[in-house]
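# Remarks on the overall topology
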Amino acid sequence: MTSFYFLLYHFIRSKYEQTEIVFVSHDTNAQEVNEEQFFSRGNSGGTLVSKGLELVSEIINQRYHPNSWNIYCFQCSDGDNWPDDTDKTLTVAEKIRDVSQLFGYCEIAPEGEKSSWFEETRLSKVYERLTNKKMKIVSITSKSDIWPSFK
């Protein structure tokens, strides 16, 4: 995930001068973090995706009103989420998608690794219901998938 975000971050910085980037990190809780914290934070186990998305939605509502800002949200995940969190995650993701120019979701699942113990609640499957011209899903199984995912 770090490689994808690192490349995305540098792509945005090189193309756009007037951009504010907000980093949100989450497991079962969410917090806004700085760039260094985001790229160096380890995993603590357990994921409630809705917690991260709720914080993103709050930040958008408080600081980046869609009438004044172009909002692009990028989420990257191994696809795991607690099954009890699926409906809440969908609700908040839909709100974010609707106020964004683009909501991009990248799922990283290395070939040969089974990462989701509940395949039906895997985020890429859940988010398929929300895909439209404003929400795109990509899957990365190897490093060679990273660059094409930007297209």
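Residues take numbers from 1 onward in each chain, read along the sequence in its written order. Side-chain atom pairs in this predicted model are given and counted only at pLDDT of 80 or more, local residue features only at pLDDT of at least 70, and totals for whole chains, interfaces and linings cover all residues. As a convention, hydrogens and water are excluded, and side-chain values are obtained from all of the structure's heavy atoms.

## Quick notes on the pattern of salt bridges
Any two side chains of opposite charge can pair if their charged atoms end up close together. Within this document, salt bridges are pairs made up of a side-chain nitrogen of Lys or Arg and a carboxyl oxygen of Asp or Glu, the two lying within 4 Å of each other. Under the criterion given, the structure shown has four salt bridges. Between Glu 32 and Arg 63 there is a salt bridge, and its shortest N-O distance comes to 2.7 Å. In this pair, Glu 32 is assigned in strand β2 (residues 30-33) and Arg 63 in helix α3 (residues 49-63), connecting sequence segments 31 residues apart. A run of DSSP states H or I qualifies as a helix once it reaches four residues; a run of E qualifies as a strand once it reaches two. Both are numbered from the N-terminal end.

## Focus: the pairing of strand β4 (residues 102-108)
Note on classification: 1.4 Å probe, protein chains only; a residue is buried when its accessible area is under 20% of the maximum for its type, exposed when over 50%, partly exposed between these limits. Among the seven residues in β4, six count as buried, and that is most of the element. Should DSSP find at least two bridges between two strands, the strands are regarded as paired. Strand direction decides the pairing type here: strand β3 (residues 72-77) and β4, joined by six bridges, are parallel. Bridging from a neighbouring strand, Gln 75 pairs with Tyr 105 of β4. Handedness of the crossover joining β3 and β4 through helix α4 (residues 86-99) is recorded here as right-handed. For crossovers, right-handed means that the path from the first strand over the helix to the second runs clockwise, given strands pointing away from the viewer.

## Thoughts on the nonpolar core
The term nonpolar core refers to a set of buried residues drawn from Ala, Val, Leu, Ile, Met, Phe, Trp, Tyr and Cys, joined through side-chain atoms within 4.5 Å. Formed by 21 residues in total, the largest nonpolar core has its most connected members in Leu 53, Ile 96, Phe 103 and Tyr 127. Broken down by secondary-structure element, the contributors of at least two residues to this core are α3, α4, β4 and α5 (123-127). Once you skip the residues sitting within four places of it in the chain, Tyr 127 turns out to touch Val 49, Leu 53, Gln 75, Thr 89, Leu 90, Ala 93, Phe 103, Tyr 105, Met 135 and Ile 137. Tyr 5, Leu 8, Ile 12 and Ile 146 belong to the second largest nonpolar core, which has 13 residues in total. Throughout, a contact is declared for two residues whenever any of their heavy atoms are within 4.5 Å.

## Regarding the packing of aromatic side chains
Two rings belonging to Phe, Tyr or Trp (six-membered ring only in the last case) form a pair when the distance between their centres is within 6.5 Å. Interplanar angles under 30 degrees mark stacking, angles over 60 mark edge-to-face geometry, and anything in between is tilted. Per the counting criterion, the structure on display carries four aromatic pairs. Their ring planes at 65° and their centres at 6.0 Å tell us that Phe 103 and Tyr 127 sit as a pair that is edge-to-face. Residue Phe 103 is located in strand β4, and its partner Tyr 127 is located in helix α5; the two are separated by 24 residues in the primary sequence. Pair check on accessibility: Phe 103 and Tyr 127 agree, each one buried. Aromatic pair Tyr 105 and Tyr 127: ring centres 4.9 Å apart, planes at 90°, arrangement edge-to-face. Residue Tyr 105 is found in strand β4, and its partner Tyr 127 is found in helix α5; the two are separated by 22 residues along the sequence. Neither residue differs from the other here; Tyr 105 and Tyr 127 are each classed as buried. Joined through ring pairs, the aromatic side chains of Phe 103, Tyr 105 and Tyr 127 make up one cluster.

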